[in-house]
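Reading the structure
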Amino acid sequence: MATTTARPAAIDDGAAGIELTGDDRIALLRYMLLMRATEERGLTLYRQGKVPGSFYDGRGQEAVSVGSAFALGPRDRACILHRDLGAHLIRGVRPGRVLAQMMGRASGVTAGKDGNMHFGDRELGCVGMVSMLPDMALVACGLAIAFQMRREPRVAMTWFGDGATANGQCHEAMNVAGVRRLPVVFVLENNQFAYSTPNEREFAVDPVRRAEVYGFPGVKVDGNDVEAVFFAAAEAVERARRGGGPTLIECETMRMHGHGAHDDMRYVPRELLERWAARDPIDAYERKLRADGVDTDAIRAAVKAEVDAEAEWALAQPMPDPATAADGVFAGADPLLGDGEAPWSRWRREAAHA
Ligand SMILES: Cc1ncc(C[n+]2csc(CCOP(=O)(O)OP(=O)(O)O)c2C)c(N)n1
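As the structure is a prediction and not an experimental result, all values here were calculated from the model.

How each quantity is defined
- Residues numbered from 1 in each chain as written.
- Predicted model: local features only at pLDDT ≥ 70, side-chain atom pairs only at ≥ 80, totals over all residues.
- Heavy atoms only, no water.
- Near = heavy atom within 4 Å.
- Polar contact = N/O pair within 3.5 Å; in protein donor to acceptor, adjacent residues only side chain to side chain.
- Nonpolar A, V, L, I, M, F, W, Y, C, P; charged D, E, K, R; others polar.
- Buried < 20%, exposed > 50% of the residue type's maximum accessible area, 1.4 Å probe, protein only.
- Helix = DSSP H or I, 4+ residues; strand = E, 2+ residues; numbered from the N terminus.
- Contact = heavy atoms within 4.5 Å.
- pLDDT = per-residue confidence, 0-100.
- Pairing = 2+ DSSP bridges.
- Right-handed = clockwise from strand over helix to strand, strands pointing away.

1. Re the site of the ligand
What surrounds the ligand is a group of 15 residues, the closest being H82, R83, S131, G163 and F193. In this structure, L133 approaches the ligand through a main-chain N or O atom, which is 3.1 Å from a nitrogen atom. Contact distances for the ligand include 2.9 Å between an oxygen atom and a backbone N or O atom of A164. Classifying every residue of the shell around the ligand gives 6 nonpolar, 7 polar and 2 charged.

2. Remarks on helix α4 (residues 95-102)
Burial runs high along α4: 7 of the 8 residues are buried. Of the positions making up α4, those classed as buried are P95, G96, V98, L99, A100, Q101 and M102. Close packing links the buried residues of α4 with α1 (22-47), α3 (85-91) and α11 (296-315). Following α4 by one or two positions, G104 has its phi on the positive side, about 75°.

3. Points about the confidence of the model for the chain
Counting all residues, the mean pLDDT for the chain is 92, and 90% of those residues have values of 70 or more. Note that pLDDT drops below 50 for residues 1-14; the model gives that stretch 36 contacts with residues more than four away or on any other chain.

4. Regarding the pairing of strand β5 (residues 156-161)
Each regular strand shows side chains that alternate between the opposite faces of the sheet. Most of β5 sits inside the fold, with 5 of its 6 residues counted as buried. Relative to strand β6 (residues 184-190), β5 is paired through 6 bridges, and the arrangement is parallel. Residue pairing across strands places F160 opposite L188, the latter belonging to β6. Following the backbone out of β5, through helix α6 (residues 168-179) and into the adjacent parallel β6, one traces a crossover that is right-handed.

As structure tokens, then:
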């Protein structure tokens, strides 16, 4: 197979030299397959009644989180949203821990404290997801301010949907990022709908154009082309690391499932779905790698075996001990109490003895 893919000259701004090796390309395919297989297994577990609440996934959007998170280094930080499982997997979260998380098991990332999307393993550089959209963009700016103040060559990346761009926090985040030239990369995942609201009801101008008025570059890429996403992200990450400030990357894609498993998405025209189905990011990349001589069937088989084993492991995990329900929920003991005991714990103890 061809061993490297050079980044397109058209987006060269001094970050030339970024390239993908043959192993990198195999990794990109593998992580997209891993995301899809993990979410498919999660959906099956949900339908079997083993996942409480509803179920949310990023089907059809795998190239976005995989392509962008692949551009980050180990000391960078990722503020990951609900359609971006690929980013967690790239940072090293095992599929079994994700499935255990969905089922509320003790071995899930939050040890049973939240469901299938609000989680983050901070030891792997993933920030626990804040549900209010797009507050993670402000969290990413906060991280970036810290990196800047400490003069650390680190970058914060965050993801948000098209709907989230209509909320005020999005503008606050982009404004502070532009004013302070923060080392932050905003990945706008335009999957055409915010629940049932289509793009034309969300913004009067393409949101990627807003970057310019906040004082930094905005680029639009095919969000179903994992290499295009990677090269745009790698360029943005390198610029941010060199002190060149933020970038907004709009990844044009499609949410191929309902907002959640409860949503039959009858508001989405069938022809639109069919058009995007023909542009599936995994199928397209598989075709490309196969043409370069990569045995993609073997990669698929290995991913299936891995997720089967991980699911078996997750199903064997216990539910959490109720006594641990508040562990890790608060930052630590409240020094004002003087006894090293967190307030909730004291209130509960006092109530028990009242
Ligand atoms: C401030 C806020 N309002 C409403 C919600 C409920 N909510 C969760 S996801 C979602 C749709 C978001 O659409 P978009 O940003 O386009 O992301 P997508 O789900 O399409 O990936 C909504 C309305 C929320 N989490 N936060």
